[in-house]
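So you can see what is in the structure, the chains are spelled out below.
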Amino acid sequence: MGRLPLTTRDLQNYKRQGRIITALTAWDALSGAWVEASGCDVALVGDSLAMVSLGYPTTLPVSLGAMVHHAQAVGRVIHRPLLVADLPFLSYQCGAEQAVAAAGRFLKETPCQAVKLEGAEPETMAVISRLVRTGIPVMGHLGLTPQSVHRLGWGRQACSASDQERLRQKALDLQQQGCFALVLEHIPSALASGLRRELNIPVIGIGAGPDCDGQILVTADLLGLTPSQPPFVKPRLQAAEMFKQELRGWCHEQRHREQTARPPREDNPPRPGY
Ligand code: KIV
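Everything quoted here is computed from the prediction, not taken from an experiment. (Residues numbered from 1 in each chain as written. Predicted model: local features only at pLDDT ≥ 70, side-chain atom pairs only at ≥ 80, totals over all residues. Heavy atoms only, no water.)

> Looking at this model, I keep getting lost on the packing of aromatic side chains. Mind explaining?
The relative placement of two aromatic rings is captured by the distance of their centres and the angle of their planes. Tallying each qualifying case throughout the model produces zero aromatic pairs. Directly above the aromatic system of tyrosine 14 lies the positively charged group of arginine 19, at a separation of 4.1 Å from the ring centroid. (Phe/Tyr/Trp six-rings, centres within 6.5 Å; stacked < 30°, edge-to-face > 60°. Lys NZ or Arg CZ within 6 Å of the ring centre and 35° of its normal.)

This is how it looks when you write it as structure tokens:
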């Protein structure tokens, strides 16, 4: 089935119309099909898949090749949402040439329409400017940026007045560089709310309070598939527990059936020599 996806412009129109943008992550064809069925507006192949799907303790180890592989799987089942992929750690921090090559892989080898990258340091700004001029739409990401976890930790960001002013300036710079939307993660609600008003581009919050142009969550957290969730996520069900219980039930049923259907071992000894 051909894709008739939403575009970055659609998201910007949604902001103008006051229509809330919904975004969810997907990491393979199975989760992608759930996300497609949700009717959400953006499907993000987030580098959180390093933790959700590959078992790493942080997002840092996932490679560009692995992200492309997962984006291809998700892309097979996503039709309506805007499809965005995260540029993984060290696929864009070594310069604009490297970033264009990395982002280009998502646009050429998968149906992704845009990339997301973290931060707004001067080097990152140069990279974003180059990507945008190359024709590759970029979603920014500020606040808790998991690729900097060893410097910033997992806690709430921009808690002091000076940090809030710094983040505000970075958000304006990202808009100026041409980002089409901005993810704000785990920051005070008032800061996100102010930025939603100040910026023309959509502000999509995750743990940034309700007053954003849109909300994004890691789908596995929302469904209770992950062993633990960040403090700003209230899982809508405990899927991991339900699945484990059902699988235990199935194993129990099979073992019970085996015992009644098969003769006991002593009545059916193995043939000598085997
Ligand atoms: O990788 C990810 O899942 C993210 C979140 C903002 C949803 O970047």
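What follows continues from the structure just given.
> Sorry, what's going on with the site of the ligand here?
The immediate surroundings of the ligand are formed by 13 residues, with Gly46, Asp47, Ser48, Asp86 and Lys116 found nearest. The separation between an oxygen atom of the ligand and a polar side-chain atom of aspartate 47 is 3.2 Å. One nitrogen or oxygen atom from the side chain of lysine 116 is found 2.7 Å from an oxygen atom belonging to the ligand. When the ligand sits alone it has 260 Å² of accessible area, and the protein chains cover 97% of it. For the shell around the ligand, the class distribution of residues is five nonpolar, four polar and four charged. (Near = heavy atom within 4 Å. Polar contact = N/O pair within 3.5 Å; in protein donor to acceptor, adjacent residues only side chain to side chain. Areas by Shrake-Rupley, 256 points an atom, 1.4 Å probe, with all protein chains shown as cover. Nonpolar A, V, L, I, M, F, W, Y, C, P; charged D, E, K, R; others polar.)

> How should I be thinking about unusual backbone geometry in this particular structure?
Excluding glycine, residues mostly have negative phi values, and the peptide bonds linking residues are mostly trans. For alanine 158, which is not a glycine, the phi torsion comes out positive at approximately 55°. Note that alanine 158 resides in the loop between helix 7 (149–152) and helix 8 (161–177). Located in the positive-phi region is histidine 186, a residue other than glycine, with phi close to 50°. Mapping histidine 186 onto the fold places it in the loop between strand 6 (181–185) and helix 9 (189–198). Judged by relative accessible area, which is 10%, histidine 186 ranks as buried. (Helix = DSSP H or I, 4+ residues; strand = E, 2+ residues; numbered from the N terminus. Buried < 20%, exposed > 50% of the residue type's maximum accessible area, 1.4 Å probe, protein only.)

> Sorry if this is basic, but what is going on with helix 8 here?
Structural remark: α-helix, 3.6 residues per turn; residues separated by three or four positions point the same way. In a regular helix each residue adds 1.5 Å, so 17 residues correspond to 24 Å; helix 8 covers 24 Å between its end C-alpha atoms and thus fits that length. Those residues of helix 8 that sit buried are Leu167, Ala171, Leu172 and Leu174. One face of helix 8 carries all of its buried residues, which in axial projection span an arc of 155°. Of the exposed residues in helix 8, those oriented more than 90 degrees away from the buried face are Ala161 and Gln176. The elements touched by buried residues of helix 8 are helix 6 (122–134), strand 5 (138–143), strand 6 and helix 9. Positive phi shows up at glycine 178, right after helix 8, with a value of about 110°. (Expected span 1.5 Å × (residues − 1). Arc of directions from axis to C-beta. Contact = heavy atoms within 4.5 Å.)

> For this particular structure, what's the right way to read the pattern of salt bridges?
A side chain of one charge can pair with a side chain of the opposite charge when the charged atoms of the two come close. For the structure shown, the criterion picks out 13 salt bridges. Residues arginine 105 and glutamate 109 are paired through a salt bridge, measuring 3.0 Å at the closest nitrogen-oxygen approach. Placement of the pair is arginine 105 and glutamate 109 together in helix 5 (residues 96–109), with a separation of four residues, close to one helical turn. Assessed through its relative accessible area of 29%, arginine 105 is described here as partly exposed. (Salt bridge = Lys/Arg side-chain N within 4 Å of Asp/Glu carboxyl O.)

> Would you explain the pairing of strand 5 in this entry?
Burial runs high along strand 5: six of the six residues are buried. Summarising the sheet, strand 4 (residues 114–116) and strand 5 pair through two bridges and their orientation is parallel. Across the sheet, the residue bridging to lysine 116 is methionine 139, located in strand 5. Read as a crossover between parallel neighbours, the route from strand 4 over helix 6 to strand 5 is right-handed. Pairing between strand 5 and strand 6: five bridges, direction parallel. For histidine 141, the partnering residue across the bridge sits in strand 6 and is valine 183. (Pairing = 2+ DSSP bridges. Right-handed = clockwise from strand over helix to strand, strands pointing away.)

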